[in-house]
Amino acid sequence: MKEMMKNTGILLAITLIAGLLLGIVYQVTKEPIAAQEEKAKQEACREVFADAASFEAVQFATPDAAAWSGEGYAQESVDEVMAALDSAGATLGYVITVTTKEGYGGDIQFALGVRMDGTVNGISILSISETAGLGMRAEEVLKPQFANKNVEKFEYTKSGAAAESQIDAISGATITTNAVTNGVNAGLYYFQMELGGGDGV
């Protein structure tokens, strides 16, 4: 019995010390991690809105669930909205952070830059874990195809894009292509319906 109590005491002490050390590590690393995340966010904003002087977080409404699902975006979510401002403080457009759960390897998150007339400046991929050599080619294959396009909705094709609204699919990675395309469309739909821009006005 004494031995059991002794061992229990030792385990309790180890647990308390480990918990204390983890708490200290968290406190030490919390601010640098937050600063790094903020830096990555600002870089993504600048990538999709190079002519903006600054970016300001916007209080944004959650889209109507029925309408959102009805449009086919049940697997997509809008995580954050930043207004892109010029040097005088006028709104040039928005940077919309979107997460799609339709990726082959898990969630894909990206920033979408949209001007007030609905033109997509481009996307900046923030998080992706698709198959190497296939879905991971989204950065080189898909990303450039969305830039400087003004369409209501995109669609992907396997036979070569013949219209502004068409995106060439990544060969062998249609799931990733579909996920990114749906995510961009969800962001555009949100922009049109909730932010009063583009064709949704």
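As a starting point, this report considers the structure included with it. (Residues numbered from 1 in each chain as written. Predicted model: local features only at pLDDT ≥ 70, side-chain atom pairs only at ≥ 80, totals over all residues. Heavy atoms only, no water.)

Overview of the overall build of the chain
Of the regular secondary structure elements, the chain holds four helices and seven strands. The linear arrangement of helices and strands in the chain, starting from the amino end, is α-β-α-β-β-β-β-α-β-β-α. In terms of overall dimensions, the chain is more spread out than a globule: its C-alpha atoms have a radius of gyration of 22 Å, far above the 17 Å expected for 201 residues. Based on the C-alpha atoms only, the size of the chain along its principal axes is roughly 80 × 45 × 35 Å. Residue burial in the chain is summarised as follows: out of 201 residues, 38% are buried. Long-range pairs, those at least 24 residues apart, make up 56% of the contacts in the chain with a sequence separation of at least 6. (Helix = DSSP H or I, 4+ residues; strand = E, 2+ residues; numbered from the N terminus. Rg over C-alpha atoms; globule rule 2.2 N^0.38 Å. Buried < 20%, exposed > 50% of the residue type's maximum accessible area, 1.4 Å probe, protein only. Contact = heavy atoms within 4.5 Å.)

Side note on the packing of aromatic side chains
A full pass over the atoms with the stated rule returns seven aromatic pairs. Pairing phenylalanine 60 with tyrosine 190 gives two aromatic rings, centres 6.3 Å apart and planes at 80°, and the pair type is edge-to-face. Of this pair, phenylalanine 60 sits in the loop between β1 (54-57) and α2 (65-70) while tyrosine 190 sits in helix α4 (residues 174-194), and the two are 130 residues apart along the sequence. Taken together, the ring pairs in this structure connect Phe60, Trp68, Tyr73, Tyr189 and Tyr190 into an aromatic cluster. (Phe/Tyr/Trp six-rings, centres within 6.5 Å; stacked < 30°, edge-to-face > 60°.)

Points about the pattern of salt bridges
Summed over the entire model, instances satisfying the criterion amount to six salt bridges. Note that glutamate 80 and lysine 41 form a salt bridge whose closest N and O atoms lie 3.2 Å from each other. Taken together, the positions of glutamate 80 in strand β2 (residues 76-85) and lysine 41 in helix α1 (residues 2-48) put the pair 39 residues apart, joining distant regions of the chain. What makes lysine 41 partly exposed here is its relative accessible area of 26%. A salt bridge links arginine 115 to aspartate 51; the shortest N-O distance between them is 2.6 Å. Residue arginine 115 is found in strand β4 (residues 108-115), and its partner aspartate 51 is found in the loop between α1 and β1; the two are separated by 64 residues along the sequence. Where salt bridges share partners, they join Glu47, Glu139 and Lys143 into one cluster. (Salt bridge = Lys/Arg side-chain N within 4 Å of Asp/Glu carboxyl O.)

What about α4?
Here α4 is 21 residues long and its end C-alpha atoms lie 29 Å apart, about the 30 Å a rise of 1.5 Å per residue gives. Most of α4 sits inside the fold, with 16 of its 21 residues counted as buried. (Expected span 1.5 Å × (residues − 1).)

Some thoughts on the pairing of β4
Where burial is concerned, most of β4 is hidden: six out of the eight residues are buried. Alignment of strand β3 (residues 91-100) against β4, held across eight bridges, turns out to be antiparallel. Following the sheet pairing, glycine 93 is matched in β4 by arginine 115. Inspection of the sheet shows β4 paired to strand β5 (residues 120-127) by six bridges, in the antiparallel sense. (Pairing = 2+ DSSP bridges.)

Some details on the side chain of threonine 100
Inspection of the secondary structure puts threonine 100 in strand β3. With a relative accessible area of 0%, threonine 100 lands in the buried category. Setting aside chain neighbours within four positions, we find threonine 100 in contact with Gln75, Glu76, Gly106, Asp107, Ile108, Ala179 and Gly183.

Quick look at the nonpolar core
Ile96, Phe110, Phe146, Phe154 and Val184 are the most contacted members of the largest nonpolar core, which has 34 residues in total. Residue assignment for this core shows that the elements contributing at least two residues are β2, β3, β4, β5, α3 (138-141) and α4. Top contributing element to this core by residue count: α4, with eight residues. Contact partners of valine 184, with chain neighbours within four places excluded, come to Phe110, Leu112, Ile123, Phe146 and Phe154. Listed in part, the ten residues of the second largest apolar core include Val48, Ala52, Phe55 and Ala111. (Core = buried A, V, L, I, M, F, W, Y, C linked by side-chain atoms within 4.5 Å.)

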